[in-house]
Amino acid sequence: MNQRTIEAKQQTVEQIATMMKESGSVVVVEYRGLTVAALTNLRRQLRAENASIKVYKNNLVVRAAQSLGYEGLTESLVGPNAIVLGKEATTAPAILSKFAKKEKNLVIKSGVVEGKVLGEKEIKEIAKLPNKEGMISMLLGCLQTPIIKFACAVKAVGEAKEA
């Protein structure tokens, strides 16, 4: 191997490691059997949610994962794989889980969410969680409920005193 090839591979490994480190979630998927139309549709869905899907040689992803301390991820890097990178922790798992229900050829293998290596089951559990906006709206709903009940009680007391 010549020196340029080695340097190019090292740069690619560093690039992959940087993307993985900056992502809230990284999911390894097997895409064997997906049609071009299905893969294009998946890319479009991911892009709409500030996520992306990348295909690299497995050995380059293994080196990047090892450099970040994600050794558990390397076991699933066998065969035709792609890595899905999401800015938020729940974005990529949610999109992939929903997409995999329709497209049986997409297999979720493992992933890393906020620095922790997870298996397929854990990734699917995280996919069920609401995104950041959903959690904020749930919190606001919880905070509003007591205030509304208090306002209703004050109104009822006021109406009782009038009568």
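Note on numbering: residues in each chain are counted from 1, in written sequence order. Only residues with pLDDT of at least 70 are given local features in this predicted model, and only at 80 or more are side-chain atom pairs given and counted; all residues enter the totals for whole chains, interfaces and linings. Computation of side-chain values covers all heavy atoms of the structure but excludes hydrogens and water.

Asker: Even after reading the chapter, I still don't get the overall build of the protein chain, so can you show me in this structure?
Answerer: Helix numbers and strand numbers start at the N terminus; a helix is a DSSP run of H or I with at least 4 residues, a strand a run of E with at least 2. Counting secondary structure elements, the protein chain contains 6 helices and 5 strands. In sequence order, the protein chain lays out its α and β elements as α-β-α-β-α-β-α-β-β-α-α. The C-alpha atoms of the protein chain give 22 Å as radius of gyration, which overshoots the globular expectation for 163 residues (15 Å, by more than 25%). Along the longest, intermediate and shortest principal axes, the C-alpha atoms of the protein chain span 95 × 30 × 25 Å. With 163 residues in all, the protein chain has 36% of them scored as buried. Working rule for contacts: check all heavy atoms of both residues, and any pair within 4.5 Å makes them a contact. When contacts within the protein chain are restricted to residue pairs at least 6 apart in sequence, those whose partners lie at least 24 apart make up 78%. Computed with a 1.4 Å probe, the accessible areas rest on the Shrake-Rupley method; for each residue, only the protein chains presented here act as cover. Carbon and sulfur atoms provide 55% of the accessible area of the protein chain, an area that totals close to 10,400 Å². Atoms considered for the radius of gyration are the C-alpha atoms alone. The globule rule reads 2.2 Å times the number of residues to the power 0.38. We call a residue buried when its accessible area falls under 20% of the maximum for its residue type, exposed when it is over 50%, and partly exposed in between, using a 1.4 Å probe and counting protein chains only.

Asker: I tried to follow helix H4 (residues 91-102) on my own but got confused; where do I start?
Answerer: Every α-helix winds through 3.6 residues per turn, so residues three or four apart in the chain are directed the same way. For a helix, the expected span equals 1.5 Å multiplied by the residue count minus one. With 12 residues, H4 extends 18 Å from end C-alpha to end C-alpha; this agrees with the ideal 16 Å at 1.5 Å per step. Those residues of H4 lying buried are Thr-91, Ala-92, Pro-93, Ile-95, Leu-96, Ser-97, Phe-99 and Ala-100.

Asker: Would you mind going over the packing of helix H1 (residues 3-22) against helix H3 (residues 58-68) with me for this structure?
Answerer: In a packed pair of helices, the relevant descriptors are the angle between the two axes and the axis-to-axis distance. With their axes 8 Å apart at the nearest point, H1 and H3 run at an angle of 55° to one another. One finds that H1 runs oblique with respect to H3. In terms of crossing hand, the pair formed by H1 and H3 is right-handed. Residues Lys-9, Thr-12, Val-13, Ile-16, Ala-17, Met-20 and Lys-21 of H1 lie in contact with H3, whose contacting residues are Leu-60, Val-61, Arg-63, Ala-64, Ala-65, Ser-67 and Leu-68. In this classification, Asp, Glu, Lys and Arg are treated as charged, Ala, Val, Leu, Ile, Met, Phe, Trp, Tyr, Cys and Pro as nonpolar, and every other residue, Gly included, as polar. Among the residues making up the contact of H1 with H3, the classes are represented as 9 nonpolar, 2 polar and 3 charged. Note on definitions: angles span 0 to 180 degrees between N-to-C directions of axes, and those axes are lines fitted to C-alpha atoms, for helices only across the stretch in contact. Angle categories are assigned with fixed cut-offs, so that under 35 degrees is roughly parallel, over 145 is roughly antiparallel, 65 to 115 is roughly perpendicular, and the rest are oblique. The crossing is said to be left-handed when, going from far helix to near helix, the turn is anticlockwise and less than a right angle, and right-handed when the turn is clockwise.

Asker: What exactly am I supposed to notice about H3 here?
Answerer: Along H3, the positions that sit buried rather than exposed are Asn-58, Leu-60, Val-61, Val-62, Ala-64 and Ala-65. Directly beyond the C-terminal end of H3, a positive phi value near 85° is found at Gly-69.

Asker: So what exactly am I meant to see when it comes to unusual backbone geometry here?
Answerer: If a residue is not glycine, its phi is most likely negative; likewise, a peptide bond is most likely trans. The phi dihedral of Asn-50 is positive, around 65°, even though this residue is not glycine. Here Asn-50 falls in the exposed class, since its relative accessible area comes to 51%.

Asker: Would you mind showing me how to read the sheet that holds strand S5 (residues 116-119) here?
Answerer: Strand pairing in a sheet relies on backbone hydrogen bonds, with the paired strands running either antiparallel or parallel. Strands sit in the order S2-S3-S1-S4-S5 across an open sheet of 5 strands; the sheet is antiparallel. Of all strands in the sheet, those with a lone pairing partner are strand S2 (51-54) and S5, marking the two edges. With direction set aside, neighbouring strand axes in the sheet form an average angle of 20°. The pairing criterion for strands is at least two bridges between them, as found by DSSP. Across 6 bridges, the pairing between strand S1 (residues 25-30) and strand S4 (residues 107-113) is antiparallel. Within S4, the residue paired with Val-29 across the bridge is Ile-108.

Asker: I'm lost on the pattern of salt bridges in this one. Help?
Answerer: Take a side-chain nitrogen of Lys or Arg and a carboxyl oxygen of Asp or Glu: if they are within 4 Å of each other, that pair is a salt bridge. In this structure the tally under the stated criterion is 2 salt bridges. Measuring nitrogen to oxygen at the nearest pair gives 3.0 Å for the salt bridge that ties Glu-30 to Arg-32. We classify Arg-32 as exposed; its relative accessible area is 51%. Among the salt bridges present, the one from Glu-30 reaches Lys-109, with a minimum N-O distance of 3.6 Å. You can see Glu-30 sitting in strand S1 and its partner Lys-109 sitting in strand S4, a full 79 residues away along the chain. Here the two residues Glu-30 and Lys-109 agree in accessibility, since each one is buried. Through salt bridges with shared partners, a single network forms among Glu-30, Arg-32 and Lys-109.

Asker: Looking at this structure, I do not really get the environment of Leu-96. What am I missing?
Answerer: Tracing the backbone through its elements, the reader meets Leu-96 in helix H4. Sequence separation between Leu-96 and Ile-108 is 12 residues; the distance between their C-alpha atoms is 7.5 Å. Setting aside chain neighbours within four positions, we find Leu-96 in contact with Val-27, Val-29, Leu-42, Val-84, Leu-106 and Ile-108.

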